[in-house]
Amino acid sequence: MSDINWQATVPSWLSSAFLRGILITDIDMRIRFWNDWLETHTGTPAAEAVGCPLRDLYPDLTERGLLRHYERALVGETSRLSHNAYGYLLPMPAPGRPDLTQMPQDAQIGPLRADGCVIGTISTIEDCTGHDELRQEDTAKSFLADLSAELAKSLDYGATVQRLAQITVPTLADWCLIDICCEGERLAAIAHVDPARARLAEDRYRTQRLQRHQDEQPHMPEQPLLITRVTLAALSLISTDLETLELLRDLEPESCIAVPLKSGGAQIGTMLLARNSARPAYSLGDLALAEEIARRAAMALENVRLYAAAQHARALAEEAVRVRDAFFSIAAHELRTPLTTLLGRAQMLQRLIAQRDEPDERSQRTIQIVVAQSQRLNKMITALLDVSRIQTGRFSIDPAPMNLTTLVRRVVDESRLMIADHPIRFQSPEAPLMIDGDELRLEQMLQNLIGNAVKYSPGGGQVSVILSGGEGRAMIAVADQGIGIAPDAQRQLFQRFYRADSAEAHGISGMGIGLFVVKEIAELHGGEVGVQSDEDKGSTFTVRLPLRQL
Ligand code: ADP
């Protein structure tokens, strides 16, 4: 046996691979070949190792139960030893890793044959330092990428919490328990690799326990906690009461991590990840990953919460608007009947007073005010009813061929009679401007615009109504020299109930519905409205309407 050239027995592909250790023993388990890699990593020169019985050089191989793999190699069997299960074959310091006591190794021990006969053993050793970290890093990266996408899928709080628990199993944990208390609502989610145990735990924790302790805050360790070997004492650190302690114990955690879930700086709950005995214990790397998961999960949960709050606020606001609209509509209808009677009677009285032989001036003035104010009130109620009709799609026009010039002139003339302190200039082309229009609605629209021009010019000043036509359209412009409108407000003027700050600032009252109705009337005619204004200088409102096709 001693005349065998042991070096020559090493397969050529192996001897050229300097990145691993190669160890050959003879049939008596005496070391016969010890390559450079082993010299470098063990610090034992080949001259010292070769000739030495393996069990003498490494007595712990017997203690650690590894020598039996050499014995099996001598009867022709090959063993693969993974660093995950055995740690290392031969004790060596880990290169560049003072934090690791021994270099983790993957090893293979097999028979060495010559002419079909086993003449010894050959083992190869690979350095696995950093393999786990690398693998872990990859897992962590892809896990976090999936996590963010998964958590963004639902906008339901409970579903997101449940999803979070499920995602961690089995990649990071054999089971996961999340307990959260958000805005007074207690939520728990449980996931387990074994669905039957998940159901059981769910039933015990969520259904039975939480229902009885809804108002109770979940037990929340404030700092991240890594428990590499779970004991009863360690479990009590993360359990509120005996019931939870028992549940956790029954789930048989071997190692676990508890991380706080925070929202807006405040802790809202805890995520508990646990592994059972078949998996390696959690490391500091796992803890860091769990903290990152908790950070992202808390962010996703905060988004879901904000979304829900926004939805709720929106629903409340919509409901408030609905109630307001309903109120306006009912109030307007209810007010209209007595007002019509009141106005009719006042007008009758006005006529009776006027027919007297010697009408008393004071009574005449009084009844005139009563009629005028009743008419004003009537207009306001009509406007409110219009808004309600627009909202419910019941606002319509009854168009017929008409001369717009005649209508505008008449409205201007009538306005002149009523308005004393604002001269109204009117300008129009010679030729009639024919349109298909609803006279009553267009009159209402013009009265509104002229009325606004007067109302929002408290200092007086001329109001101009200019009618023009061209390119198939008629244009009515109503211009004043009043308070004007800020650019920001101009964009919102035609919205329902909108009033510009300048109106309030000048103490000019109104309901903010006139322009909304003006816009609707113009649009029902196939036209459009516009405004151009400079603050403190005046405003020009324009309405464009399609001319009648000849
Ligand atoms: P109201 O006049 O009853 O408030 P409107 O719908 O007619 O309602 O007008 C909406 C808002 O537009 C007014 O509150 C006012 O701020 C502004 N506005 C309308 N017309 C003028 C104008 N000619 N000059 C200045 N501001 C105006």
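Below, the structure is looked at part by part. Bear in mind that the values here come from a model prediction, so they are computed numbers and not experimental data.

### Some remarks on the overall build of the protein
In terms of regular secondary structure, the protein is built from 20 helices and 17 strands. In terms of overall size, the protein is more extended than a compact globule, its C-alpha atoms giving a radius of gyration of 45 Å where 550 residues would be expected to give roughly 24 Å. With the C-alpha coordinates of the protein rotated into their principal frame, the extents come out at 150 × 60 × 40 Å. Scored against the burial criterion, the 550 residues of the protein give a buried share of 43%. Restricting to contacts in the protein with at least 6 residues of sequence separation, those with at least 24 account for 62%. When the accessible surface of the protein is totalled, it reaches about 29500 Å², and 53% of it is carbon and sulfur. Taking the average place of the 56 positive charges on the side chains of the protein and the average place of its 72 negative ones, the gap between the two points comes to 7 Å.

### Regarding unusual backbone geometry
In this model, Val-169 is joined to Pro-170 through a cis peptide bond whose omega is 5°. The topology assignment puts Pro-170 in the loop between α10 (157-168) and β6 (175-182). For Glu-471, which is not a glycine, the phi torsion comes out positive at approximately 55°. Turning to its location among the elements, Glu-471 is positioned in the loop between β14 (463-470) and β15 (473-479). The phi dihedral of Phe-497 is positive, around 65°, even though this residue is not glycine. One can find Phe-497 in the loop between α18 (487-490) and α19 (501-505).

### Overview of the pattern of salt bridges
Any two side chains of opposite charge can pair, given that their charged atoms come close. Tallied over the full model, the rule gives 28 salt bridges. In this structure, Arg-229 engages Glu-254 in a salt bridge whose closest nitrogen and oxygen atoms are separated by 3.4 Å. With Arg-229 in the loop between β8 (225-227) and α12 (232-237) and Glu-254 in the loop between α13 (242-250) and β9 (255-263), the pair connects residues that are 25 residues apart, well separated along the chain. On the accessibility criterion, Glu-254 (29% relative accessible area) is partly exposed. Salt-bridge contacts for Arg-416 lead to Asp-413; the nearest nitrogen and oxygen are separated by 3.2 Å. Highlighted residues: Arg-416 and Asp-413, both in helix α16 (residues 404-418), separated by three residues, approximately one helical turn.

### So, the site of the ligand
Neighbouring the ligand are 21 residues; Asn-452, Tyr-456, Asp-480, Arg-499 and Leu-515 lie closest to it. Lys-455 is positioned with one of its side-chain polar atoms (N or O) 3.1 Å from an oxygen atom of the ligand. Ala-500 is positioned with one of its backbone polar atoms (N or O) 3.0 Å from an oxygen atom of the ligand. Here the ligand loses 97% of its free accessible area of 530 Å² to cover by the protein chains. Looking at the shell around the ligand, the elements with two or more residues in it are α17 (439-455), α20 (514-524) and β17 (538-546). No other element matches α17, which puts three residues into the shell around the ligand. For the shell around the ligand, a count of residues per class yields 12 nonpolar, six polar and three charged.

### Points about the side chain of Asp-386
Positionally, Asp-386 belongs in helix α15 (residues 361-391). Other than its neighbours up to four places away in sequence, Asp-386 contacts Phe-395, Arg-441, Gln-444 and Val-517.

### Description of the pairing of strand β5 (residues 117-127)
Taken across its 11 residues, β5 has eight buried, putting it largely inside the fold. As judged from the seven bridges shared by strand β1 (residues 20-26) and β5, these two strands associate in the antiparallel manner. Of the residues in β5, the one forming a bridge with Ile-22 is Thr-124. Bridge analysis of strand β4 (residues 105-114) against β5 gives 10 bridges, and the strand direction is antiparallel. Within the sheet, the bridge partner assigned to Pro-111 lies in β5 and is Thr-121. Between β4 and β5, which follow one another and run antiparallel, lie two residues, and Asp-115 among them has a positive phi close to 50°.

### Some words on α20
Within α20, the full set of buried residues consists of Leu-515, Phe-516, Val-517, Val-518, Ile-521 and Ala-522. Phi for Gly-526, located one or two positions after α20, is positive at around 80°.

### Regarding the packing of α17 against α20
At a minimum axis separation of 9 Å, α17 and α20 run at an interaxial angle of 140°. Every pair of crossing elements has a handedness; the one defined by α17 and α20 is left-handed. Here Arg-441, Leu-442, Gln-444, Met-445, Asn-448, Leu-449 and Asn-452 of α17 lie close against α20, whose contacting residues are Gly-514, Leu-515, Val-517, Val-518, Ile-521 and Ala-522. Tallied by class, the residues present in the contact of α17 with α20 amount to eight nonpolar, four polar and one charged.

### Considerations on the sheet that holds strand β3 (residues 79-81)
One key point about sheets: their strands pair by backbone hydrogen bonds, in either a parallel or an antiparallel sense. Pairing within the open sheet is antiparallel, and its five strands lie in the order β2-β1-β5-β4-β3. Because the sheet does not close on itself, it has two edges, and the strands there are β2 (31-34) and β3. Sheet twist, expressed as the average angle between the axes of neighbouring strands with direction ignored, equals 20°. The sheet strands contacting helix α7 (residues 67-74) are β1, β3, β4 and β5, and the helix crosses β5 at an angle near 140°.

### As for the packing of aromatic side chains
Applying the stated rule across the entire model yields three aromatic pairs. On the basis of an interplanar angle of 40° and a centroid distance of 5.3 Å, the ring pair of Phe-328 and Phe-497 is categorised as tilted. On the criterion of sequence distance, the pair formed by Phe-328 in helix α14 (residues 284-355) and Phe-497 in the loop between α18 and α19 is long-range, its members being 169 residues apart. For Phe-328, a relative accessible area of 24% corresponds to the partly exposed category. In this structure an aromatic cluster arises from ring pairing among Phe-327, Phe-328 and Phe-497.

### Re the sheet that holds strand β7 (residues 185-192)
In space, the five strands of this open sheet follow the order β7-β6-β10-β9-β8, with antiparallel pairing throughout. Bordering the open sheet on either side are β7 and β8, each of which pairs with just one other strand. Between one strand axis and the next, the sheet turns through 10° on average, direction left out of account. Here β9 runs beside strand β10 (residues 266-275); their pairing, made up of nine bridges, is antiparallel. Bridge pairing in β10 places Pro-260 opposite Thr-270. In the packing of α14 onto the sheet, contacts are made with β6, β8, β9 and β10, and the angle to β9 comes to roughly 30°.

Parameters at a glance
- Residues numbered from 1 in each chain as written.
- Predicted model: local features only at pLDDT ≥ 70, side-chain atom pairs only at ≥ 80, totals over all residues.
- Heavy atoms only, no water.
- Helix = DSSP H or I, 4+ residues; strand = E, 2+ residues; numbered from the N terminus.
- Rg over C-alpha atoms; globule rule 2.2 N^0.38 Å.
- Buried < 20%, exposed > 50% of the residue type's maximum accessible area, 1.4 Å probe, protein only.
- Contact = heavy atoms within 4.5 Å.
- Areas by Shrake-Rupley, 256 points an atom, 1.4 Å probe, with all protein chains shown as cover.
- Lys, Arg positive; Asp, Glu negative; His and termini not counted.
- Charge placed at Lys NZ, Arg CZ, Asp CG, Glu CD.
- Salt bridge = Lys/Arg side-chain N within 4 Å of Asp/Glu carboxyl O.
- Near = heavy atom within 4 Å.
- Polar contact = N/O pair within 3.5 Å; in protein donor to acceptor, adjacent residues only side chain to side chain.
- Nonpolar A, V, L, I, M, F, W, Y, C, P; charged D, E, K, R; others polar.
- Pairing = 2+ DSSP bridges.
- Axes fitted to C-alpha atoms, helices over the stretch in contact; angles between N-to-C directions.
- Left-handed = near helix turned anticlockwise from the far one by under 90°.
- Phe/Tyr/Trp six-rings, centres within 6.5 Å; stacked < 30°, edge-to-face > 60°.

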